[in-house]
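In case you want the letters, here they are:
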Amino acid sequence: MSITAEKPAVSALPLNVVRPAALGRPDIADPGALGLGAFALTTFLLSLANSGLMPAAGAAVLGIALFYGGIAQIAAGLWEFAKGNTFGATAFVSYGAFWLAFWWLETNPDVAKSAGAVGVGAFLLAWTIFTAFMTIASVKTNGVLLAVFIVLTLTFAALTIGEFSGQAAFTHIGGWLGLLTAVLAWYGSFAVVINATWKRTVLSVWPSK
């Protein structure tokens, strides 16, 4: 009968190598403030036009849609990936892409003309569906985000109906709902900034339990 000697366990790393985990990693600031702020401001400007309050805001929103609502919001979403926040990453990158797509449609009139009301309506319908299932996921985030997504779903739904039907009344309703969405998102952004800066809960976001 032979006896096989047990080999001692060998460390995968030399003893003098410090594992990255031991070094720790610097804290990443919460990108939610930037993402919500970018979404809120861009939505606010477009909704001023959709509601009929300030039609000229529809032209003014284009630069904001590209740089703030689009690029800055996507950047916030990528940092959410780094923080391990699947919901925040999906939301900010997706809506950042929405604003870039909106900018593309509005700055390429031939594309918008080819799409027509039906094409734009389908575009809005797709975003209504996406926003609806993100609303379900937001139930497990916090009260502010849940409110944002509920009202945003209604906003997209009203704009979709307005585009398909050609009824300006639904577009105006979507504009007013968009203004409410912007206010809620701004509150969420402000809460993240003020709570992080003051290092205590000043404004509640009513986190899910």
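Conventions and cut-offs
- Residues numbered from 1 in each chain as written.
- Predicted model: local features only at pLDDT ≥ 70, side-chain atom pairs only at ≥ 80, totals over all residues.
- Heavy atoms only, no water.
- Phe/Tyr/Trp six-rings, centres within 6.5 Å; stacked < 30°, edge-to-face > 60°.
- Helix = DSSP H or I, 4+ residues; strand = E, 2+ residues; numbered from the N terminus.
- Buried < 20%, exposed > 50% of the residue type's maximum accessible area, 1.4 Å probe, protein only.
- Axes fitted to C-alpha atoms, helices over the stretch in contact; angles between N-to-C directions.
- Parallel < 35°, antiparallel > 145°, perpendicular 65-115°, else oblique.
- Left-handed = near helix turned anticlockwise from the far one by under 90°.
- Patch = residues over 30% accessible without salt bridge, like charges linked within 9 Å, V, L, I, M, F, W, Y side chains within 5 Å.
- Areas by Shrake-Rupley, 256 points an atom, 1.4 Å probe, with all protein chains shown as cover.
- Salt bridge = Lys/Arg side-chain N within 4 Å of Asp/Glu carboxyl O.
- Expected span 1.5 Å × (residues − 1).
- Polar contact = N/O pair within 3.5 Å; in protein donor to acceptor, adjacent residues only side chain to side chain.
- Contact = heavy atoms within 4.5 Å.
- Nonpolar A, V, L, I, M, F, W, Y, C, P; charged D, E, K, R; others polar.

K.L.:
Explain the packing of aromatic side chains to me, using residue names and the numbers behind them.
P.N.:
To describe a pair of aromatic rings, you give the distance between the ring centres and the angle between the ring planes. Summed over all chains, the structure comprises 15 aromatic pairs. Ring geometry for phenylalanine 98 and phenylalanine 156: centres 5.4 Å apart, planes at 90°, overall edge-to-face. Highlighted residues: phenylalanine 98 in helix α4 (residues 86–107) and phenylalanine 156 in helix α6 (residues 143–165), separated in sequence by 58 residues. For phenylalanine 98, a relative accessible area of 5% corresponds to the buried category. For phenylalanine 156, a relative accessible area of 5% corresponds to the buried category.

K.L.:
Break down the packing of helix α2 (residues 32–50) against helix α7 (residues 168–198) for me, citing the residues and quoting the values.
P.N.:
At a minimum axis separation of 7 Å, α2 and α7 run at an interaxial angle of 155°. In terms of their interaxial angle, α2 and α7 are classed as roughly antiparallel. Considering the relative orientation of α2 and α7, their crossing is left-handed.

K.L.:
Can you explain a nonpolar patch on the surface? Please cite residues and give values.
P.N.:
On the surface, Val118, Leu125, Ile129, Phe133, Ile136 and Phe164 cluster together to form a nonpolar patch covering roughly 620 Å² of accessible area. The leading source of residues in the nonpolar patch is helix α5 (residues 109–138), at five residues. Mapped onto the elements, isoleucine 136 comes out in helix α5.

K.L.:
How would you summarise α2 if you had to cite specific residues and measurements?
P.N.:
Residues three or four positions apart in an α-helix share a direction because the helix packs 3.6 residues into each turn. Its 19 residues place the ends of α2 26 Å apart at the C-alpha level, agreeing with the 27 Å of an ideal helix rising 1.5 Å per residue. Of all the 19 residues making up α2, 16 are buried; the element is thus mostly covered by neighbouring parts of the structure. In the segment just after α2, glycine 52 is the residue with positive phi, at about 90°.

K.L.:
Can you tell me about the side chain of serine 138, naming the residues and giving the values?
P.N.:
Following the sequence through the fold, serine 138 ends up in helix α5. On the basis of relative accessible area, serine 138 is assigned to the buried category, the value being 0%. Within the local environment of serine 138, its side chain forms a polar contact with the backbone oxygen of threonine 135, the two atoms lying 2.6 Å apart. Sequence-distant contacts of serine 138, defined by excluding residues within four places in its chain, comprise Phe87, Leu145, Leu146 and Phe149.

K.L.:
Which residues make up the side chain of threonine 160, and what are the values?
P.N.:
Within the secondary structure, threonine 160 is located in helix α6. A distance of 3.4 Å separates the side chain of threonine 160 from the backbone nitrogen of leucine 125, its partner in a polar contact. In this view, threonine 160 contacts Gly121, Leu124, Leu125 and Thr128; residues no more than four positions away in its chain are not counted.

K.L.:
Please set out the packing of α4 against α6 residue by residue, giving values where relevant.
P.N.:
Here α4 crosses α6 at 30°, and the two axes come no closer than 14 Å. Helix-helix and strand crossings are classified by hand; for α4 and α6 the assignment is left-handed. Between α4, through Phe87, Ala91, Tyr95 and Phe98, and α6, the contact on the second element is made entirely by Leu145, Phe149, Leu152 and Phe156. Of the residues in the contact of α4 with α6, the class split is eight nonpolar, no polar and no charged.

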